[in-house]
Amino acid sequence: APPAGGAGCGDVAAAFERTAGADAPFVSRGDDSGTHKMELAYWKLAGAKATNANALNNVGDVVGCSVAIINGNPTSRGFVYRNGLMMDIGSLVNGGTSCANDINDSGQITGNSATATGEQRGFIYQNGTMTSLGNLGTSSVGDAINNSGIVAGTANNVSADLFVGGFRYDPQQSPLQVSLGSM
């Protein structure tokens, strides 16, 4: 029987909805076959989205965004795929959204996550902990992280309709965030 008891649903779309709502595992073909294309169509009907892989490090770890069911709702969450397992890296607030954009060879991850007020903040994830890069405008995104743990990202101030621009975040220097300015 399907992992979420989808056998008693009556139709395929309902079975996919039940699987998505139960946070049950689902193995897909993942190829370009007609079966896989139909699976993606049913996931879309169920309100789930496909997984996006954003970066790969030299160790073979992959990071990106996927849909997890959090409190019964499909929620975009950052993940790391390591040793054949996909792990949700969480968010800055309980049940919030996140997306992992890059990973270095030490396993440090950067991306963005929602705050309690709904604003997006860049983060560094390491050793099982997600830490905000702080406030540089209304929202920020960690776009890349090098092997020294330095993050490059973008930020803006939505309330003032102002684009702040690129920044460099170095946890070993003060100030931690430096706006790159413009040419």
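Data block above holds the structure.
In what follows, the accompanying structure is described. (Residues numbered from 1 in each chain as written. Predicted model: local features only at pLDDT ≥ 70, side-chain atom pairs only at ≥ 80, totals over all residues. Heavy atoms only, no water.)

1. Details of the nonpolar core
By size, the foremost hydrophobic cluster in this structure holds 10 residues: A55, V63, V80, I89, A100, I103, I109, F123, Y125 and M130. Residue assignment for this core shows that the elements contributing at least two residues are strand 5 (98–103) and strand 7 (120–126). Those residues within four positions of I109 in sequence are excluded, and the remaining contacts are V63, V80, I89, A100, D102, I103, F123, I124 and Y125. Within the second largest apolar cluster, 8 residues are counted, among which are I145, V151, A155 and Y169. (Core = buried A, V, L, I, M, F, W, Y, C linked by side-chain atoms within 4.5 Å. Buried < 20%, exposed > 50% of the residue type's maximum accessible area, 1.4 Å probe, protein only. Helix = DSSP H or I, 4+ residues; strand = E, 2+ residues; numbered from the N terminus. Contact = heavy atoms within 4.5 Å.)

2. Some remarks on the pairing of strand 7
Within strand 7, 5 of the 7 residues are buried, leaving the element largely enclosed by the surrounding structure. Across 6 bridges, strand 6 (residues 109–114) lies against strand 7 in antiparallel orientation. Each residue of the ladder has a partner; that of G111, found in strand 7, is F123. Connecting strand 6 to the antiparallel partner strand 7 that follows it, the hairpin turn spans 5 residues, and G118 within it adopts a positive phi of roughly 90°. Relative to strand 8 (residues 129–132), strand 7 runs antiparallel, the two being bridged by 4 bridges. Bridged to I124 within strand 8 is T131. Taking the residues that link successive antiparallel strands as the turn, the strand 7-strand 8 hairpin has 2 residues, and the phi of N127 there is positive, at about 50°. (Pairing = 2+ DSSP bridges.)

3. Considerations on the side chain of T110
With respect to the helices, strands and loops of the structure, T110 is situated in strand 6. Beyond its immediate chain neighbours, meaning those up to four positions away, T110 contacts C99, A100, N101, D102, F123, L133, G142, D143, A144, I145 and V151.

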